[in-house]
Amino acid sequence: MTDAKLDELAARLLHHGAEKLSPGASVVPSIVPAAVFHLPGIPSNAPYQYGRFHNPTWEALEEALGLLEDAETILFPSGMAAIAALMFATVANGERVLIPSDGYYATRALADQFLKPLGALIEERATAKFLDDGFAGFKLVLVETPSNPGLDVCDIAAAARAAKQAGALLAVDNTTMTPLGQRPLTLGADAVVCADTKAINGHSDTLMGHVATRDGALAARLRDWRKFSGTIAGPFEAWLVHRGLETLEVRFARMCSSAATIADRLAASKKLVALRYPGLASDPAFGIAKRQMSTFGTLISLTLRDQIAAERFIETCPLIQPSTSFGGVRTCAERRARWGDAVAEGFIRLSIGLEPVEVLWRALSETLDTV
Ligand SMILES: Cc1ncc(COP(=O)(O)O)c(C=O)c1O
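The rules we used
Residues numbered from 1 in each chain as written. Predicted model: local features only at pLDDT ≥ 70, side-chain atom pairs only at ≥ 80, totals over all residues. Heavy atoms only, no water. Patch = residues over 30% accessible without salt bridge, like charges linked within 9 Å, V, L, I, M, F, W, Y side chains within 5 Å. Areas by Shrake-Rupley, 256 points an atom, 1.4 Å probe, with all protein chains shown as cover. Salt bridge = Lys/Arg side-chain N within 4 Å of Asp/Glu carboxyl O. Lys, Arg positive; Asp, Glu negative; His and termini not counted. Charge placed at Lys NZ, Arg CZ, Asp CG, Glu CD. Helix = DSSP H or I, 4+ residues; strand = E, 2+ residues; numbered from the N terminus. Pairing = 2+ DSSP bridges. Axes fitted to C-alpha atoms, helices over the stretch in contact; angles between N-to-C directions. Contact = heavy atoms within 4.5 Å. Near = heavy atom within 4 Å. Polar contact = N/O pair within 3.5 Å; in protein donor to acceptor, adjacent residues only side chain to side chain. Nonpolar A, V, L, I, M, F, W, Y, C, P; charged D, E, K, R; others polar.

Examining a negative patch on the surface
So, point 1. Together, Asp-3, Asp-7, Glu-8 and Glu-249 make up a region of like negative charge exposed at the surface.
So, point 2. In terms of residues, the negative patch owes the most to one element, helix H1 (residues 3-15), which gives 3 residues.
So, point 3. With respect to the helices and strands, the residue Asp-3 is situated in helix H1.

Digging into the sheet that holds strand S4 (residues 138-144)
So, point 1. The strand order across the open sheet built from 7 strands is S1-S7-S6-S5-S4-S2-S3, with neighbouring strands paired in mixed fashion. The open sheet terminates on both sides in strands that have one partner only, identified here as strand S1 (72-76) and strand S3 (121-125). The mean inter-strand angle of the sheet, taken between neighbouring strand axes irrespective of direction, is 20 degrees.
So, point 2. Direction of pairing for strand S5 (residues 169-173) relative to strand S6 (residues 191-195): parallel, over a ladder of 3 bridges. Note that in S6 the partner of Ala-171 across the bridge is Ala-191.
So, point 3. Helix H2 (residues 56-69) rests against S1, S6 and strand S7 (209-213) of the sheet, and its axis sits at about 135 degrees to S1.

What about the site of the ligand?
So, point 1. If you check the shell around the ligand, you find 14 residues, and the closest are Gly-79, Met-80, Asn-148, Asp-173 and Thr-197.
So, point 2. Met-80 places a main-chain nitrogen or oxygen 2.8 Å from an oxygen atom of the ligand.
So, point 3. Asp-173 places a polar side-chain atom, nitrogen or oxygen, 2.7 Å from a nitrogen atom of the ligand.
So, point 4. Look at the ligand: alone it shows 390 Å² of surface, and the protein chains cover 94% of it.
So, point 5. For the shell around the ligand, the leading source of residues is helix H3 (residues 79-90), giving 3 residues.
So, point 6. Taken together, the residues of the shell around the ligand break down into 6 nonpolar, 5 polar and 3 charged.

Notes on the sheet that holds strand S8 (residues 274-276)
So, point 1. Pairing is mixed across the open sheet formed by 5 strands, whose spatial order is S8-S9-S12-S11-S10. Sheet topology places S8 and strand S10 (321-322) at the edges, where each strand pairs with a single neighbour.
So, point 2. In the sheet, strand S11 (residues 332-335) pairs with strand S12 (residues 347-351) via 4 bridges, with the strands oriented antiparallel. What sits directly across from Cys-332, in S12, is Ser-351.
So, point 3. Where helix H9 (residues 248-266) meets the sheet, its contacts fall on S8 and strand S9 (299-303), and the angle it forms with S9 comes to roughly 20 degrees.
So, point 4. Running at roughly 160 degrees to S11, helix H11 (residues 307-316) makes contact with S9, S10, S11 and S12 of the sheet.

The values are spatial; any link to function lies outside them.
Written as structure tokens, this is what we have:
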């Protein structure tokens, strides 16, 4: 999608739903904390029946996210709940599932500990080599690009072609980019999963997730999964994410621009053993990233010489919040080896926040000088 079209989408997002307002109505969605709705007679005559089936506050957020995704969007209470919904709604006993070996670890844990015992066959592949052996025989292929935390990328359009040829369903975890940075459905994927906990909400105060798809049957199945498994979002949390989403475009643009500036400057630092940022022309992911992403994201992976140097950098930099997430307004970082990711002890995932870039760079570079 061109920058002009993305701008148009961001503008429309701020006015979505206005056409439904009657005089005196609140311009922002209401929080509707209802478990039960007034329901005399035939249930299907009422727009709302029971709080596990639907909720007006979820719907406001689903419509806003759906506008950005240009697809039907089903809300879940976390990114993992969205991924679980996708897996359990699409995979049966004896079917093969392909997931990244170097993506978010909880996706592997979920597949291994809960899908595999039900008879699904789970296989893993590195993101950078995801297309190498094709997808023949797979029911579901889930790719994460750029991968968290290594920031490798996979060619989504090529993956979609291979999946189509193999009769597999292709889903893309778009958490690191959001629909403003990368559009997997337009590139041919069947479904997008996203942890709205990250940049979409952006304020580190609630978890949320969604699946978006243009396949009506899949959307209906996901809605049934939500209804019968009871994996539902709280109305207040949905309202918070709706509010966060309204400023996504401006936050994401600033964070991506700062990340690009900082990655560029880090590339000159003698303190780094390794650096990954898909927007650096020297990065192995740059070619594909430039083709399929409209910006290069808010995450930088950097490796310092060892655990001690990495911990000191994270803990002494006054503008780094040590925490295990990304996409929020505060710059934050963590050493991923502490969770068992297959990375060097000194590997840091740095999530660039909203601090003015020169102030942030000064804090980062002065701290780097001391480690
Ligand atoms: C790429 C990716 N997908 C999914 C998730 C899961 O999101 P949540 O923590 O909201 O369940 C995360 C969380 O870090 C993630 O990084």
